[in-house]
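Take a look at the letters that make up each chain.
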Amino acid sequence: MTANTGRAVRPRGPSGGSESVLDKAVLEFNARGYDATSMEDLSRAVGITKSSFYHHFAGKEALLRAALERALDGLFSALDEPPGAEPPTGPSDRLRRIVTRQVRVLMDELPYVTLLLRVRGNTETERWALERRREYDGQIAALVQAAADAGEIREGVDPVLAARLLSGLVNSVAEWYRPGRRGMSGLPEDVARAAVEGILPAGP
């Protein structure tokens, strides 16, 4: 499953810069698109020469790999219960907790998750990332099915459709969430509540 694209050297950050090389490269990828971003663009954005850039990363795809690994590591961490946490009471409770943590990861790692969501499979690294995303989505779909089997999903709701809608709901947060907005501290819980309980009241 691992792409042979050259392992990234741990970023050391440009002299005098407050952001890491990887942070600035991800912003550039998101602004220009990965395919359209050249090493010259990256060097200019980071503020170092092109030759100096290779002291940090083996190349552009190694940068992409490191960025996508960071996003995926965050998403997969949402599947794990924190040490000492009370065990979930059932599949829907576990699903609610995962959605809460997933939104929190998205908020904390917004540029990285945004890049992951724009991957289209044009390179070996992108295909690897898509496979990892399918693995993650598969675990969520299995949990939705378990909730359905336990009678914790409304009758008549297709679990496959529910899993896809849930994924779309969470991922859509990346399109409009911006750090620093007021009233966003409870966003992870609000999204999880909307996902699990619904938004509109039941009809008569």
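Here, every reference points to the structure presented above.
All residue numbers here refer to positions counted from 1 along the written sequence of the relevant chain. Note on the predicted model: pLDDT of at least 70 is required for a residue's local features to be given, and 80 or more for side-chain atom pairs to be given and counted; whole-chain, interface and lining totals, by contrast, use all residues. No hydrogens and no water enter the side-chain calculation; it runs on all heavy atoms of the structure.

Draft legend 1. Examining helix 4 (residues 60-77) more closely. With 18 residues, helix 4 should reach 26 Å at 1.5 Å per residue; the first-to-last C-alpha distance of 26 Å fits that figure. We call a residue buried when its accessible area falls under 20% of the maximum for its residue type, exposed when it is over 50%, and partly exposed in between, using a 1.4 Å probe and counting protein chains only. Labels follow the DSSP assignment, with helices taken as runs of H or I lasting at least four residues and strands as runs of E lasting at least two, numbered in each case from the N terminus. For helix 4, the buried fraction is high: 14 of the 18 residues fall into the buried class. By this rule, a helix spans an expected 1.5 Å times one less than how many residues it contains.

Draft legend 2. Main features of the pattern of salt bridges. By definition here, a salt bridge exists when the distance from a side-chain nitrogen of Lys or Arg to a carboxyl oxygen of Asp or Glu is within 4 Å. Under the defined criterion, the tally for this structure stands at 15 salt bridges. Put simply, Asp 41 and Arg 44 hold a salt bridge, and the shortest N to O gap is 2.7 Å. Placement of both Asp 41 and Arg 44 in helix 2 (residues 39-46) is noted, with a separation of three residues, approximately one turn of the helix. Classification of Asp 41 as buried rests on a relative accessible area of 9%.

Draft legend 3. Quick look at the nonpolar core. Residues enter a nonpolar core if they are buried and are Ala, Val, Leu, Ile, Met, Phe, Trp, Tyr or Cys, with the set joined through side-chain atoms within 4.5 Å. Counting residues in each nonpolar core, the largest one holds 55 residues, and the members touching the most others are Leu 22, Phe 53, Leu 63, Leu 68, Tyr 136, Ile 140 and Leu 187. Among residues more than four places away in sequence, those in contact with Tyr 136 are Leu 75, Phe 76, Ala 78, Leu 79, Ile 98 and Gln 102. When checking whether two residues touch, look at their non-hydrogen atoms; a contact exists if any pair is within 4.5 Å.

Draft legend 4. A look at the side chain of Arg 133. Looking at the element boundaries, Arg 133 is found in helix 7 (residues 124-149). Neither His nor the chain termini are counted; the positive set is Lys and Arg, and the negative set is Asp and Glu. We note that Arg 133 is buried and unpaired, the nearest opposite charge coming from Asp 137 at a distance of 4.8 Å. Not counting chain neighbours up to four residues away, the residues in contact with Arg 133 comprise Leu 72, Leu 116, Leu 117 and Asn 171.

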